[in-house]
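Spelled out from the first residue to the last, the chains are:
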Amino acid sequence: MAEHTLAQAAHDAHDHKPHGWRRWVYATNHKDIGTMYLVFSGIMFFVGGSAAMAIRAELFKPGLQLFDPAFFNSLTTMHALIMIFGAIMPAWTGLANWMIPMQLGAPDMALPRLNNFSFWILPFAFTLLLATFFVPGGAPAGGWTMYPPLMLQSGACFPMTIFAIHMMGASSILGAINVIVTIMNLRAPGLTLLRMPLFVWTWLITAYLLIAVMPVLAGAVTMLLTDHFFGTTFFTAAGGGDPVMFQHIFWFFGHPEVYILILPAFGVISEIVPTFSRKPLFGYEAMVYATASIAFLSFIVWAHHMFTVGMPLAGQLFFMLSTMLIAIPTGVKVFNWTATMWKGSLSFEPPMLFALAFLFLFTIGGFSGLMLAIVPADYQYQDTYFVVAHFHYVLVSGSIFAIMAAVYYWLPKWTGNMYDLRLGKWHFWLSAIFMNVLFFPQHFLGLAGMPRRIPDYAVQFTDWNMVSSIGGFAFGLSQFLFPYIIWKCIRGGARVGNRAWEGAHGLEWELPSPPPYHTWEVPPAEAVIARGAEH
Amino acid sequence: MVSSEDDERRRRIRRTTLLLALIALAFYVGFILMSVMRGTR
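Residues numbered from 1 in each chain as written. Chains lettered and ligands numbered in written order. Predicted model: local features only at pLDDT ≥ 70, side-chain atom pairs only at ≥ 80, totals over all residues.

A. Here's a closer look at the environment of A:Lys425. Residues and elements named next belong to chain A. Position of Lys425 among the secondary structure elements: in helix H15 (residues 421-447). The exposure class assigned to Lys425 is partly exposed, which follows from the 14 C-beta atoms found within 10 Å. Spatially, the C-alpha atom of Lys425 lies 15 Å from that of Phe358, the residues being 67 residues apart in sequence. Among residues more than four places away in sequence, those in contact with Lys425 are Pro350 and Leu353. (Helix = DSSP H or I, 4+ residues; strand = E, 2+ residues; numbered from the N terminus. Buried ≥ 20, exposed ≤ 12 C-beta atoms within 10 Å, placed from the backbone. Contact = placed C-beta atoms within 7 Å.)

Structure, rendered in structure tokens:
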């Protein structure tokens, strides 16, 4: 370690960090690119969130208040596209950029220029997507699933949306290639695959999922494009095509996509729970195999999104049972996190609070997912607010809470300062309470039959919609604490040592806080790896 | 001064990158071809 520190210090003495706009536009440093991804994701989180606020404002009471129905449909579509592709996915890529090289003892990502390109595609993609609000016909309104024939009836937004999705897909694929190549080739000597931190493992598996399914989405939207402009009839019944085939292809991408959004969260929780339990992770290898099993199963469950479209009984049974199988590896994970905490010396700093909320609330989302997997029950729930409640429990209290937990966990490492823990706890409690006020009533609305994707509703749904909207506004407002806490932490705070959290293990905690611009140019010694790899 | 180990690592990185890019391309082209074949049946 001493040798490493000396070598690092010698290097830092002539550490030529680019300055001004060049540092960001020509960035090849994994930490700079990670920061850009995270900032981009934060902006998109608030843009997508403002669409959500508008949706909840319209749904505050029955009748049409603020928007015409077409614009309302645009808001729901854009909210989903922005949150999935603009907020959650880039946040995970940002965290991967920051943490994977530091956790592997690697000096940077394997393909730094490609890394730069992957990031800089995104602002163009989202400028194009957001610009659709201003073209004749407005933004896409057919839902993020873009089902034909509805999507084919879009106005000028159609080619812009398709191109934006192609760009987002390219960015994700290039990012995934970079992650895999880095993990397979730049691990410090002695850091074998089964000694890697769980965050790296879950990202490795996520990256394989990305490479397998993002091109499928690209293929589907390319065919939509040719149907619209070049006279093909892949999905047009009038020409012998099959609109249902689009749904199959889309969900072959769409279901693994859900796991792309959640697997890195499993990795983060597996880092945080042991740290704040001051115990090694229970069942490290089981966690790795469970993650791989979930990834495999995600490829054979897609048609559970389409039960009501019509399919043979054998198909329904297969997709119902394969979906239910996912509960087994997921249960292994929840069990292992709980067992990690068992008899641990727990403390409840913001990362642990978010991780615990994840554990409870993601499990609720998992249970409602099991309910949706039951074919006859799904006929009742399909296209109701029950589905909306289900996937928001998975994506908000799952992915987004885990992203917040990760930021609160690693922020002291990135900045060298401890953030305001009291404000962090305020942020947590407001988020956790109002997230439930926002989404839990939507289960009741769905079970009572309220359809999703509508700007108006029958009067019997009024009360729970009002509660949901109040929860939504409060949840939205409380999120402004998050950038404020980060900004305050960047500007100053109590200095932290290498190991910002007492119970933290991993190579990143062997580096100074904040880490120098270039890290691990000299690979860590075996003793350092051994200390870091205590799972 | 580039050691042969670094050189070998660079080659490995290039090979893995190309392989993964080809896999992605195969999924893209494969699904479109599958749809074409289904349409011509």
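B. Main features of unusual backbone geometry. All names here are of chain A. With omega at 5°, the peptide bond leading from Pro148 into Pro149 counts as cis. By the element assignment, Pro149 lies in the loop between helix H5 (112-131) and helix H6 (157-185). The step from Ser513 to Pro514 runs through a cis peptide bond, and the omega angle for that step is -5°. Secondary-structure assignment places Pro514 in the loop between helix H17 (481-491) and helix H18 (526-532). Phi at Lys343 takes a positive value of approximately 60°, unusual for a residue other than glycine. Within the element layout of this structure, Lys343 appears in the loop between helix H11 (327-341) and helix H12 (350-373).

C. Up close: the interface of chain A and chain B. The partner chain B presents 16 residues to the 21 residues of chain A that form the contact. Looking at the side of chain A that touches chain B, the elements that each hand over two or more residues are H6, helix H7 (198-229) and helix H8 (243-277) of chain A. No other element matches the eight residues that H7(A) contributes to the side of chain A that touches chain B. Within the side of chain A that touches chain B, the residues separate by chemical class into 16 nonpolar, five polar and no charged. (Nonpolar A, V, L, I, M, F, W, Y, C, P; charged D, E, K, R; others polar.)

D. Molecular detail of the packing of H6(A) against H7(A). All names here are of chain A. Packing of H6 against H7 leaves a shortest axis separation of 8 Å and a crossing angle of 155°. The pairing of H6 with H7 is recorded here as roughly antiparallel in orientation. Between H6 and H7 lies a crossing of left-handed hand. Partitioned by chemical class, the residues of the contact of H6 with H7 number 24 nonpolar, four polar and no charged. (Axes fitted to C-alpha atoms, helices over the stretch in contact; angles between N-to-C directions. Parallel < 35°, antiparallel > 145°, perpendicular 65-115°, else oblique. Left-handed = near helix turned anticlockwise from the far one by under 90°.)

E. Fine view of the packing of helix H3 (residues 30-58) of chain A against helix H16 (residues 462-478) of chain A. All names here are of chain A. One way to put it is that H3 packs onto H16 with a least axis distance of 9 Å and a crossing angle of 155°. Considering their axes alone, H3 and H16 lie roughly antiparallel with respect to each other. Of the two elements, H3 crosses H16, and the hand of that crossing is left-handed. Taken together, the residues of H16 that come into contact with H3 (itself represented by Gly49, Ala52, Met53, Arg56 and Ala57) are Ser468, Ser469, Gly472, Phe473 and Gly476. Taken together, the residues of the contact of H3 with H16 sort by class into four nonpolar, five polar and one charged.

F. Quick look at the nonpolar core. Residue and element names in this part refer to chain A. Core analysis: the biggest nonpolar cluster contains 177 residues, and Ile88, Ala220, Ile269, Phe354, Phe358 and Ala405 have the highest contact counts within it. No other element matches the 22 residues that helix H14 (residues 385-415) contributes to this core. The contact partners of Ile88, leaving out residues within four places of it in the chain, are Met83, Leu261, Leu395, Ser399 and Ile400. (Core = buried A, V, L, I, M, F, W, Y, C linked by C-beta atoms within 7 Å.)

G. Examining the environment of A:Gly175 more closely. All names here are of chain A. Relative to the helices and strands, Gly175 resides in helix H6. Take Gly175: there are 31 C-beta atoms within 10 Å of it, and that puts it in the buried class. Measuring from C-alpha to C-alpha, the distance between Gly175 and Gly241 comes to 34 Å, with 66 residues separating the pair along the chain. Ignoring anything within four residues of it in the chain, the contact list for Gly175 reads Thr93 and Ser118.

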